[in-house]
Amino acid sequence: MGTAVHSADLPDNPDDGHVKIIFTENDLEAYGDFVPAIGNGRPLTDDYVRKLLHKMNIIHGIQEEAVRDAVAACMNSKKIQKNILIARGTPAENEITEYFQLNPALGRGQAPEPENKIDHRQFTPFTIVKKSQALAKQKSRKPGAAGMNVHGGTLPFKVLKPNSVEPGENTVLDGKFMLAAIDGQMIIQKNIISVKESLHIRGPVGYSTGHINFPGDILIEGPVSDGFKIHSGGSVTIKQTFDVTEAITKGNLYVAGGIIGRGAALLKVGGGIKTRFIENCRAACRRTVSVDSEIINSHIYTLEKVEMGDRGMIIGGEILAVQGVFAGGIGKKSARAASIKCGIDFTAEQEKEKNNNMLRLLTAKLERLNQLLEEPGSDPEKKLKLEELHARLTAEQRAALDKVNELSGRININENAVVEVTGEIAAGTVIEICHAAYFVTEPIKKVRIFLDKERGKLATAPLT
């Protein structure tokens, strides 16, 4: 802020006490240096200051007490009192036009301290919003008011137009609020807010993006690095390699470059999977798994079928497919044997296994309780508690057994499932259809394996 120094009509005798006055920009404030008399000079007085203020036309906002104190201090201490506020005007209040202010809660969160405890994968550059979430709020016009300088002159106000955001695609206005019309990614371009129902990542997924959690479809043009999770309420398309840590999608998963897991890698797909290859991965999906070249040492579960390319190979691991498996080959002589199970609902089988494990645990606990109850001389109160626990565990055991029996009737759901291989099935491969098993002792080629319902056994037929 600029300042201007105005002469105070210095006395004829420079040794007389006097005041130098300084005005700020627009004469909004006046400051003074109070100079004491020197030697036989006339002392600084209130009357002198009053006349000076009148001469300098300082009439508004005079700081009477501050001026009196400065005069007294100057006379008593014989020292210059510098930069004393003499008068302060009334500043103008600028008019602010109506505008939409972005919701400050939508900004990207800052990493907490200390840095060595931060998991940077938790932070993302994307702003994900929910339907009906407030994106911006309309701020009402604030009228302006003129001010007054220390001379009583008018200080005009300015009209300010703050940066405003405007509603765009997939936004709605509700009173003073701009809301998201859908779940999606909020984007601001040229101050226009829009919400995109899909997320387009033009590069890789890594520390620059963090974990990806999006309610709609996701398109990723680069590779996905190990250690980063992807959760999608729609389908996911990855144009390069997918190094899986964890991925959960409501829709389909398309991976152009292939899927690589790290042992604990987990895929849960509500639709189907289409990719070039799958390696060291655990994947469960509701629709068809389509793989061009290889499934290696992976556990694949689908409620439809596994379809391989003409030369697609299944090497090691386990495949559970309700409708069947169609591959170019299964197993290799030097590789771990593969297990193929078809016609069964893997969700029911997993739940049955969970209940079987519970049954084993409950049986062991009940056996131990029986031993304790048979011990002579037991405290009556303790024995009563053991009997209550025994009754509760027995009821849980009965419920788990009923559940196992109920699930057993729901596991075999497709007796028409088949395994078709246009190339070779290696020796050591185990194939099951509705729990009827076939163990391949010698390599077989161009074969169709199916359930002979009359005999309750698996049968083979050549592919033509």
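Residues numbered from 1 in each chain as written. Predicted model: local features only at pLDDT ≥ 70, side-chain atom pairs only at ≥ 80, totals over all residues. Heavy atoms only, no water.

Novice: Can you explain the overall build of the chain? Please cite residues and give values.
Specialist: Looking only at helices and strands, one finds four helices and 41 strands in the chain. In summary, the chain has a C-alpha radius of gyration of 42 Å against a globular reference of 23 Å for 464 residues, an excess of more than 25%. For the chain, the spread of C-alpha atoms along the three principal axes comes to 130 × 75 × 45 Å. At a minimum sequence separation of 6, the contacts of the chain that also span at least 24 residues come to 43%. Carbon and sulfur atoms make up 50% of the accessible area of the chain, which amounts to about 25,900 Å² in all. Side chains of the chain carry 59 positive and 57 negative charges; the gap between the two charge centres is 3 Å. (Helix = DSSP H or I, 4+ residues; strand = E, 2+ residues; numbered from the N terminus. Rg over C-alpha atoms; globule rule 2.2 N^0.38 Å. Contact = heavy atoms within 4.5 Å. Areas by Shrake-Rupley, 256 points an atom, 1.4 Å probe, with all protein chains shown as cover. Lys, Arg positive; Asp, Glu negative; His and termini not counted. Charge placed at Lys NZ, Arg CZ, Asp CG, Glu CD.)

Novice: Let's hear about helix α4 (residues 380-411): which residues, and what values?
Specialist: With 32 residues, α4 ought to run about 46 Å at 1.5 Å a step, and its terminal C-alpha atoms sit 46 Å apart, in line with that. Listed as buried for α4 are Leu-386, Leu-393, Ala-400, Val-404, Leu-407 and Ile-411. In the core, the buried residues of α4 are packed alongside α3 (346-374). (Expected span 1.5 Å × (residues − 1). Buried < 20%, exposed > 50% of the residue type's maximum accessible area, 1.4 Å probe, protein only.)

Novice: So, the sheet that holds strand β15 (residues 184-189): which residues are in play, and what are the values?
Specialist: Within the open sheet, the four strands sit side by side as β7-β15-β16-β12. Their pairing is mixed. The sheet is open, and its two borders are formed by β7 (127-129) and β12 (166-167), each paired with just one other strand. Bridging between β7 and β15 involves three bridges; their strand directions are antiparallel. In the strand pairing of β15, Val-129 is matched with Gly-184. (Pairing = 2+ DSSP bridges.)

Novice: Go over unusual backbone geometry, please, and point to the residues and values.
Specialist: Located in the positive-phi region is Asn-83, a residue other than glycine, with phi close to 55°. Its place among the elements puts Asn-83 in strand β4 (residues 81-88). You can call Asn-83 exposed: its relative accessible area is 53%. Phi at Asn-280 is positive, roughly 50°, even though this residue is not glycine. Position of Asn-280 among the secondary structure elements: in the loop between β27 (273-279) and β28 (282-285).

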